[in-house]
Amino acid sequence: MADTPSVKARRAQPPVRPTAAEPPPPPASEPGGDDPALDESSDLTPVVASNLKRFRAERGLSLERLAKASGVSRAMLGQIELGQSTPTINVLWKIARALGVPFSALMSQATSPVTTVMQASHARILRSRNGEFSSRALFPMDRPRNVEFYELRLAPRSVEHADAHAPGTAENLIVTEGSVEITVSGERRLLETGDAILFEADSPHSYRNPGSSEAVMYLVMTYGSRG
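Residues numbered from 1 in each chain as written. Predicted model: local features only at pLDDT ≥ 70, side-chain atom pairs only at ≥ 80, totals over all residues. Heavy atoms only, no water.

### Thoughts on the side chain of Asn 209
Under the convention used in this document: Here a helix means four or more residues in a row that DSSP labels H or I, a strand means two or more in a row labelled E, and each is numbered from the N terminus. Working definition: with a 1.4 Å probe on protein chains only, accessible area under 20% of the residue-type maximum means buried, over 50% means exposed, and in between means partly exposed. Two N or O atoms count as a polar contact when they lie within 3.5 Å, although within protein this holds only if one can serve as hydrogen donor and the other as acceptor, and sequence-adjacent residues are included solely when both atoms are side-chain atoms.
With respect to the helices and strands, Asn 209 occurs in the loop between strand S9 (205-208) and strand S10 (215-222). According to the relative accessible area criterion, Asn 209 is buried, its value standing at 1%. Here Ser 213 takes part through its backbone oxygen, which lies 2.9 Å from a polar atom of the side chain of Asn 209.

### Focus on the nonpolar core
Selection rule: We define the nonpolar core as a collection of buried residues of types Ala, Val, Leu, Ile, Met, Phe, Trp, Tyr and Cys that are connected through side-chain atoms lying within 4.5 Å of one another. Contacts are residue-level and defined by heavy atoms, with any inter-residue pair within 4.5 Å sufficient.
Counting 49 residues, the largest nonpolar core has Ile 95, Leu 99, Phe 103 and Leu 173 as the members making the most contacts within it. Per element, the largest residue contribution to this core is seven residues, and it comes from helix H5 (residues 89-99). Apart from the residues within four sequence positions on either side, Leu 173 is in contact with Leu 152, Leu 191, Asp 195, Ala 196, Ile 197, Tyr 207, Met 217, Tyr 218 and Leu 219.

### Details of H5
Within the sequence span of H5, burial applies to Ile 89, Val 91, Leu 92, Trp 93, Ile 95, Ala 96 and Leu 99. Taken together, the buried residues of H5 touch helix H2 (44-58), helix H3 (63-70), helix H4 (74-81), strand S1 (125-127), strand S2 (133-137) and S10. Where H5 ends, the next residue or the one after it, Gly 100, has phi of about 75°, a positive value.

In structure tokens, the structure reads:
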């Protein structure tokens, strides 16, 4: 029996394929801000999320009030608390200053061993958005501290700008490889290998590597007394 025209038309149509669900949009980033900055091997994202939520609750701050005090958007703060985003070094500084806690307090885990070995293979490294500046904590982040110790690395011909830290904060830095130009409140100091500097870091400052090789520095950060 011959097919009718309507049957032939139905057979000629291609099979209907199910439409794939569109992937969810990526989390919104801080307008004009930095991309997430932790080393891929780091496990700091949930730690920062937990600490930020705890400090904010202890101070009775809403996300809106903390956003206004820190200059970090409410959306970004919310993503950090949910563990969906980890801030860069500069964003962490802004949040820590607004909360009135040391930088390391946002990355601290509550442990208290008598002796702590910080293996290089498990280092917690923060990087700038372009990857040219990195900061490695050389102390256990088990509790807030008044003194912190860091290894800093700066790529050739690059510069890292830092916001003002909390009042009373001082930086004591030594260059162990290369050369670094330190600018504090418009005053410049060029440090060669082996040179050290001590300055008040409660005003904007920057580190610039004028050389053709990576610069390595070691930094002791001392916070003023907090009531």
